[in-house]
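The residues making up each chain are set out below.
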Amino acid sequence: MDLDLRKLRYFVAVAEHLSFGRAAEALHIAQPVLSRQIRALETELKVRLFDRSPKGTALTPAGEQLLADARPLLAQASALLRRVGVADTFTVGFMPGLIVTPAVRVLASRHPGLRIDVVRTTWEDQVEVIHDGRVDVSYVRLPVPTAGLRFTPLFTEPRVAVVPATHRLAGKESVLEADLTGERRVQHTDPPGFRSVEEKLEHVALHGGVAILPLSAAVFYSRDDLVHVPIEDIAPNEVALAWAEHRHTPLIAEFIAIARQA
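Rules used in this analysis
- Think of each chain on its own: its residues are numbered from 1, step by step along the sequence as written.
- Predicted model: local features are reported for residues with pLDDT of at least 70 only, side-chain atom pairs are reported and counted for 80 or more only, and whole-chain, interface and lining totals are derived from all residues.
- Side-chain measures were taken over the full set of non-hydrogen atoms in the model, leaving aside hydrogen atoms and water.
- UniProt positions are given in the numbering used here, feature names are shortened, and annotations may be inferred rather than shown by experiment.
- Only DSSP runs of H or I covering at least 4 residues are called helices, and only runs of E covering at least 2 are called strands; the numbering of each starts at the N terminus.
- Exposure is judged per residue with a 1.4 Å probe applied to protein chains only, and the accessible area is read against the type maximum: over 50% gives exposed, under 20% gives buried, and values in between give partly exposed.
- What qualifies as a polar contact is a pair of N or O atoms within 3.5 Å, subject to a donor-acceptor requirement within protein and to the restriction that residues adjacent in sequence count only when both atoms come from side chains.
- Think of it this way: DSSP has to see at least two bridges between two strands before they count as a pair.
- In this analysis an axis means a line fitted to C-alpha atoms, helices contributing only their contacting stretch, and an angle means the value between N-to-C directions, from 0 to 180 degrees.
- Here, two residues are considered to be in contact whenever any of their heavy atoms come within 4.5 Å of each other.
- Our angle categories are set so that under 35 degrees counts as roughly parallel, over 145 as roughly antiparallel, 65 to 115 as roughly perpendicular, and the remainder as oblique.
- Left-handed describes a crossing whose near helix is turned anticlockwise from the far helix by less than a right angle; the clockwise case is right-handed.
- Under this grouping Gly is polar, as are all residues other than the nonpolar Ala, Val, Leu, Ile, Met, Phe, Trp, Tyr, Cys and Pro and the charged Asp, Glu, Lys and Arg.
- Note on definitions: salt bridges are taken to be side-chain nitrogens of Lys or Arg within 4 Å of carboxyl oxygens of Asp or Glu.

- Under an unreviewed UniProt entry, the name given to the chain is LysR family transcriptional regulator, and the source organism is Lentzea flava.
- For the record of the chain, the UniProt heading Sequence similarities (unreviewed entry) holds the text "Belongs to the LysR transcriptional regulatory family."

Below, the structure written as structure tokens:
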């Protein structure tokens, strides 16, 4: 039996959202179309992948097994397509607040026929986009899992405390980490998890607390109801360029050299 990768992607979307409606929205397709594709996949595999009830959608044991197998399979397929794809496209990933335009412009000037795309990443997927082949290289904020990747360090930048404009620390020129004792820190690892800088800042603005961000990210997302204060005694954020260790292309090598000089 030939496995349809499109149906597999649809399955993964539903499994991750545990909602046909939200998955359809994320996939930009109509929900009835998605439902038909999942039913077709269940028919082809001769198993039930989801339990549907008034309480919601849940994975069956077969669905849980397929999800575990599907993610690496789709990542490998995506990476394969990029490796054998036409070499007139180069994609650069970057974390919020980082400016990649100067390096991209240099590469574009050297290769007029090259299409260069940029992809903004998050704390959750800044490594994933490299492994699954969505980007050729990516500007990452360390630390990140290093398995399967190579890095070149680029620069460091200070980190700041982002607080509501009415916060007790809002008027200070700088603070020490000890000044943040007792403050609730809003982090991307917190349950239920903040997948973006915007979500962190919305939470701080609405509920208080402190978000610690690299200076460039705080400046990029500056807003009237929040302020950022330098933290004097906290380690700076390290920024590096990362790429898959198994990929050795002239364009990647050239961009690495450009990024080091930019």
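From this point, the narrative continues.
**A closer look at the side chain of aspartate 136**
Here's step 1: Mapped onto the elements, aspartate 136 comes out in the loop between helix H6 (128–131) and strand E5 (137–141).
Here's step 2: Given a relative accessible area of 5%, aspartate 136 falls into the buried group.
Here's step 3: Within the structure, aspartate 136 has its side chain in polar contact with the backbone nitrogen of threonine 91 (distance 2.7 Å).
Here's step 4: Among the polar contacts listed, one links the side chain of aspartate 136 to the side chain of arginine 247, at a separation of 2.8 Å.

**Considerations on the sheet that holds E5**
Here's step 1: Across the sheet, five strands lie side by side as E4-E3-E5-E10-E6; this open sheet has mixed pairing. Of all the strands in the sheet, the pair left with one neighbour each is strand E4 (115–120) and strand E6 (149–157). If you compare each strand with its neighbour and ignore which way they point, the axes differ by 20 degrees on average.
Here's step 2: Strands in contact with helix H9 (residues 250–261) are strand E3 (89–94), E5, E6 and strand E10 (237–244); relative to E10, the strand with the most contacts, it is inclined by about 165 degrees.

**Points about the UniProt feature "domain: HTH lysR-type" (unreviewed entry) in the chain**
Here's step 1: As annotated in UniProt, the feature "domain: HTH lysR-type" (unreviewed entry) corresponds to residues 3–60 in the numbering used here.
Here's step 2: With 62% helix and 14% strand, residues 3–60 has end C-alpha atoms that lie 19 Å from one another.

**Points about the side chain of serine 19**
Here's step 1: In this fold, serine 19 is placed in the loop between helix H1 (5–17) and helix H2 (20–27).
Here's step 2: On the basis of relative accessible area, serine 19 is assigned to the buried category, the value being 14%.
Here's step 3: Within the local environment of serine 19, its side chain forms a polar contact with the backbone nitrogen of glycine 21, the two atoms lying 3.4 Å apart.
Here's step 4: A polar atom in the side chain of serine 19 sits 3.1 Å from the backbone nitrogen of arginine 22.

**Topic: the packing of helix H5 (residues 101–110) against H9**
For any two helices packed against each other, one specifies the crossing angle of their axes together with the interaxial distance.
Here's step 1: Contact geometry of H5 with H9 gives a least axis separation of 9 Å together with a crossing angle of 135 degrees. Here H5 lies oblique to H9, going by the angle between them. Of the two possible hands of crossing, H5 and H9 adopt the one that is right-handed. Across from Ala103, Val104, Val106, Leu107 and Arg110 in H5, the residues of H9 making contact are Leu251, Glu254, Phe255, Ile258 and Ala259.
Here's step 2: Tallied by class, residues from the contact of H5 with H9 come to eight nonpolar, no polar and two charged.

**Observations regarding the pattern of salt bridges**
Here's step 1: A complete count under the given rule lists 15 salt bridges for this structure.
Here's step 2: Glutamate 42 is paired through a salt bridge with arginine 52; the nearest N and O atoms lie 3.5 Å apart. With glutamate 42 in helix H3 (residues 31–45) and arginine 52 in strand E1 (residues 50–53), this residue pair connects regions lying ten residues apart in the sequence.
Here's step 3: For glutamate 42, a relative accessible area of 12% corresponds to the buried category.

**As for the sheet that holds strand E7 (residues 159–164)**
Here's step 1: Read across the open sheet, the three strands follow the order E8-E7-E9; overall the sheet is antiparallel. Two strands bound the open sheet, and with one partner strand each, they are strand E8 (211–214) and strand E9 (226–230). Along the sheet, successive strands turn relative to each other by an average axial angle of 35 degrees, direction set aside.
Here's step 2: Two elements, E7 and E8, share four bridges in a ladder whose sense is antiparallel. Within E8, the position partnered with valine 160 by the bridge is leucine 213.

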